[in-house]
Amino acid sequence: MKDMLVRLLELPSGAALEQRLLEKEKIVVRRAIAPEKHLVCDWVMQAFGAYWHSEVEVAFSRQPVSCWIAQRGNAILGFACYESTARNFFGPTGTLESERGKGIGKLLLLKSLESMREMGYAYAIIGGVGPAEFYEKAVGAKIIEGSEISIYQHLLRKP
Ligand SMILES: CC(C)(COP(=O)(O)OP(=O)(O)OC[C@H]1O[C@@H](n2cnc3c(N)ncnc32)[C@H](O)[C@@H]1OP(=O)(O)O)[C@@H](O)C(=O)NCCC(=O)NCCS
């Protein structure tokens, strides 16, 4: 798995996508808040497993919470975190399988990257991808050569 680099100074606007998701799909994309930590973490555990659950828990330890979520009514449809495993890193992120292809992942990505830009970063790193084409297409991310030896290199595995 390699990392990717994204230039934050010319991010595409997510405004039209946000409006379309809200009006056509009744999907709200917003920053998660502390009282729903248990619900978001449980959902990520169930949908994506223990590693991402751990990373989301860290995102909820930050203020403001460094996790964006997509919801329809009371149902969580997707999530995206930043600065969980390393400073300036985006991820993890995921959309519920049945809701993919609607633009949820792209909007969660844009919201997270905008948050990082507001923190003062000019570039962001997508850690350990994953679907490189998705990131290339959505925000022009480029593979960082040599990055396969990464922060996840010695990740502990359950024996
Ligand atoms: C990657 C993921 C988050 C994308 O979520 P999504 O909500 O389906 O993404 P979107 O609908 O916003 O897709 C935006 C665009 O990227 C494209 N795209 C989505 N997933 C893609 C993929 N895996 N490969 C290539 N293109 C992809 C879509 O077709 C869409 O193109 P369009 O703008 O021309 O319509 C989702 O597939 C997922 O949860 N995958 C499993 C978890 C994962 O791999 N997370 C990333 C870890 S680094």
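Note that the structure is a prediction, hence the values are computed from the model and not measured. (Residues numbered from 1 in each chain as written. Predicted model: local features only at pLDDT ≥ 70, side-chain atom pairs only at ≥ 80, totals over all residues. Heavy atoms only, no water.)

### Brief notes about the site of the ligand
The environment of the ligand is formed by 17 residues, the closest being Thr95, Gly103, Gly105, Lys106 and Lys137. Measuring from an oxygen atom of the ligand, one finds a side-chain N or O atom of Arg100 at 3.4 Å. Residue Gly105 places a main-chain N or O atom 2.8 Å away from an oxygen atom belonging to the ligand. Judged by the fraction of its atoms near the pocket grid, the ligand is located in the largest pocket. (Near = heavy atom within 4 Å. Polar contact = N/O pair within 3.5 Å; in protein donor to acceptor, adjacent residues only side chain to side chain. 1 Å grid on protein atoms, 1.4 Å probe; cavity = no way out; pocket = protein on both sides within 12 Å on 5 of 7 lines; lining within 4 Å. Sits in = over half its atoms within 2 Å of the grid points.)

### With respect to the pairing of strand S5 (residues 89-95)
Most of S5 sits inside the fold, with seven of its seven residues counted as buried. As paired elements, strand S4 (residues 75-82) and S5 share four bridges and run antiparallel to each other. Residue pairing for S5: Gly78 is matched across the bridge by Thr95. Where S4 folds back on S5, the antiparallel hairpin that results is connected by six residues, among which Glu83 adopts a positive phi of roughly 50 degrees. Both S5 and strand S6 (residues 123-129) contribute to a ladder of two bridges, which runs parallel. Paired with Phe89 across the bridge in S6 is Ile125. On the question of chirality, the crossover connecting S5 to the parallel S6 by way of helix H4 (residues 104-119) is right-handed. (Buried < 20%, exposed > 50% of the residue type's maximum accessible area, 1.4 Å probe, protein only. Helix = DSSP H or I, 4+ residues; strand = E, 2+ residues; numbered from the N terminus. Pairing = 2+ DSSP bridges. Right-handed = clockwise from strand over helix to strand, strands pointing away.)

### Concerning helix H5 (residues 132-139)
For H5, the full list of buried residues reads Tyr135, Ala138 and Val139. Down the axis of H5, the buried set is contained in an arc of 75 degrees. They therefore lie on one face. Turned more than 90 degrees off the buried face of H5, the exposed positions are Glu133 and Lys137. Residues of H5 that are buried make contact with strand S1 (2-7), S5, H4 and S6. Taken from the residues just after H5, Gly140 is the one with a positive phi, measuring 65 degrees. (Arc of directions from axis to C-beta. Contact = heavy atoms within 4.5 Å.)

### Overview of the layout of surface pockets
A volume near 750 Å³ is recorded for the largest pocket. Along the walls of the largest pocket sit 34 residues, with Trp52, Pro92, Thr93, Gly128 and Tyr135 positioned nearest its centre. For the lining of the largest pocket, the elements supplying multiple residues, two or more each, are helix H3 (50-59), S5, H4, S6 and H5. Per-element accounting of the lining of the largest pocket gives the leading share, six residues, to S5. Along the lines of polarity and charge, the residues of the lining of the largest pocket split into 14 nonpolar, 13 polar and seven charged. Forming the walls of the second largest pocket are Arg30, Glu36, Leu39, Val40, Trp43, Ile69, Gln71, Gly73, Asn74, Ala75 and Ile76. For the lining of the second largest pocket, the elements supplying multiple residues, two or more each, are helix H2 (37-48), strand S3 (67-72) and S4. (Points joined across faces, edges and corners; volume = space filled by probe spheres on them. Nonpolar A, V, L, I, M, F, W, Y, C, P; charged D, E, K, R; others polar.)

### Observations regarding the sheet that holds S3
Pairing is mixed across the open sheet formed by seven strands, whose spatial order is S2-S3-S4-S5-S6-S1-S7. At either margin of the open sheet sits one strand with a lone partner, and together these are strand S2 (28-31) and strand S7 (142-143). In this structure, S3 lies alongside S4, joined through six bridges in antiparallel fashion. Opposite Gln71, over in S4, you have Ile76 as the bridge partner. Set on the sheet, H4 makes contact with S1, S2, S3, S4, S5 and S6; between it and S4 the angle comes to about 35 degrees. (Axes fitted to C-alpha atoms, helices over the stretch in contact; angles between N-to-C directions.)

### Observations regarding the side chain of Thr93
Within the secondary structure layout, Thr93 lies in strand S5. For Thr93, a relative accessible area of 16% puts it in the buried group. A polar contact of 2.7 Å, which involves the side chain of Thr93, links it to the backbone oxygen of Phe79.

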